[in-house]
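# Breakdown of the fold
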Amino acid sequence: MTRIKICGLRRPQDIEAVNAAGADFAGFVIEAERSRRSVSRREARILAKKLRKEIFSVGVFVDASPDLVAELLEEGTIHMAQLHGQEDEDYIFCLRQLTDKPLIQAFSIQTEGDVGRALESTADYLLFDQGRGGTGESFDWGLLPELSRPFFLAGGLGERNLEQAVRRVKPWAVDVSSSLETEGKKDPEKIRRIVELAHGLDQGRA
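Note that the coordinates shown come from a computational prediction; the quantities given were computed from them, not determined experimentally. (Residues numbered from 1 in each chain as written. Predicted model: local features only at pLDDT ≥ 70, side-chain atom pairs only at ≥ 80, totals over all residues. Heavy atoms only, no water.)

### Things to note about the pattern of salt bridges
Evaluation of the coordinates by the stated rule reveals 18 salt bridges. The partner of Arg167 in a salt bridge is Glu163, and the shortest N-O contact between them spans 3.5 Å. A residue pair is termed a helical-turn pair when its members lie 3 or 4 positions apart in one helix, as Arg167 and Glu163 do in helix H6 (residues 162-169) at 4 residues. We classify Glu163 as partly exposed; its relative accessible area is 39%. Each member of the salt-bridge network shares a partner with another, and the members are Glu159, Glu189, Arg192, Arg193 and Glu196. (Salt bridge = Lys/Arg side-chain N within 4 Å of Asp/Glu carboxyl O. Helix = DSSP H or I, 4+ residues; strand = E, 2+ residues; numbered from the N terminus. Buried < 20%, exposed > 50% of the residue type's maximum accessible area, 1.4 Å probe, protein only.)

### Focus: the environment of Pro145
Of note, Pro145 is situated in the loop between strand E7 (125-129) and strand E8 (151-153). Overall, the relative accessible area of 39% leaves Pro145 in the partly exposed class. A C-alpha to C-alpha distance of 24 Å links Pro145 and Gly200, two positions 55 residues apart in sequence.

### Overview of the side chain of Asp14
Here Asp14 lies in helix H1 (residues 12-21). Among the residues examined, Asp14 registers a relative accessible area of 2% and is labelled buried. Aside from chain neighbours lying at most four places away, what touches Asp14 is Leu9 and Lys186. (Contact = heavy atoms within 4.5 Å.)

### Some points on the nonpolar core
Among soluble globular proteins, nonpolar side chains are generally buried collectively. One finds Ile6, Val18, Phe28, Phe61, Phe128 and Leu153 to be the most contacted residues of the largest nonpolar core, which totals 57 residues. Those residues within four positions of Val18 in sequence are excluded, and the remaining contacts are Ile6, Leu9, Ala23, Ala26, Leu51, Ile55 and Ile191. (Core = buried A, V, L, I, M, F, W, Y, C linked by side-chain atoms within 4.5 Å.)

### Overview of the environment of Gln82
As for its placement among the helices and strands, Gln82 is situated in strand E5 (residues 80-83). A residue is classified by how much of its surface remains accessible, and Gln82, at 2% relative accessible area, is buried. For the pair Gln82 and Val62, spaced 20 residues apart in the sequence, the C-alpha separation amounts to 8.6 Å. Gln82 has contacts with Lys5, Val58, Gly59, Val60, Phe61, Ile104, Leu127 and Asp175, leaving out every residue within four places of it along the chain. Reaching out from Gln82, the side chain makes a polar contact with the side chain of His84 at a distance of 2.8 Å. (Polar contact = N/O pair within 3.5 Å; in protein donor to acceptor, adjacent residues only side chain to side chain.)

### What to know about unusual backbone geometry
Even without glycine at this site, Lys170 takes up a positive phi of about 55°. Looking at the element boundaries, Lys170 is found in the loop between H6 and strand E9 (173-176). Looking at Lys170, the relative accessible area reads 33%, which means it is partly exposed. Located in the positive-phi region is Glu183, a residue other than glycine, with phi close to 55°.

### Structural notes on the environment of Arg149
Structurally, the position occupied by Arg149 is in the loop between E7 and E8. Overall, Arg149 belongs to the partly exposed group, its relative accessible area being 22%. In this structure, the C-alpha to C-alpha distance between Arg149 and Tyr91, residues 58 residues apart in sequence, is 21 Å. Apart from the residues lying within four places of it in its own chain, the contact partners of Arg149 are Ala118, Leu119, Ser121, Ala123 and Leu126. At a separation of 3.2 Å, a polar atom in the side chain of Arg149 contacts the main-chain carbonyl oxygen of Leu119. From its side chain, Arg149 meets the backbone oxygen of Ala123 in a polar contact 2.8 Å long.

Printed below as a string of structure tokens:
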């Protein structure tokens, strides 16, 4: 079974769809000004409370204050924080002084050098994406070597290419957002189908 994160949730209907589908992770883009999927910390709290207890909530942050990230982690609104901006090791060190909750660090992959820099991260999990995320575009999966540490694969994933991606890259989990929208809103049927597809795939790792 391949774990799957549904990202960019904004409405109560989105939570209902994720709960019904049985996704593994639910992602909230929190106070990121440039993202149309951004929600306030208050909205994130309300939405996260509606998730089934089996689903891990993930806060996605872009160069946010470490205090904000730690606050939402420590109060239990989110179980994991995804760092999707220009956060560096100094930022992670600072955040580690405030919380011991799991961290995911996202990296834009354009070259082998980008992969090398990602592997130096001390975050608990890596996430490989194209660009800054939410673009619906993929990157060259051939740039990724076989990795022993757990990572999320993102960037342009959907029903048409998810199986190919999992077979080729063997991610610990996949992260899907743009392809699950119809007219800019999350589509419950698309969410149901993608979760069913992911859970039917063996990613080749424990």
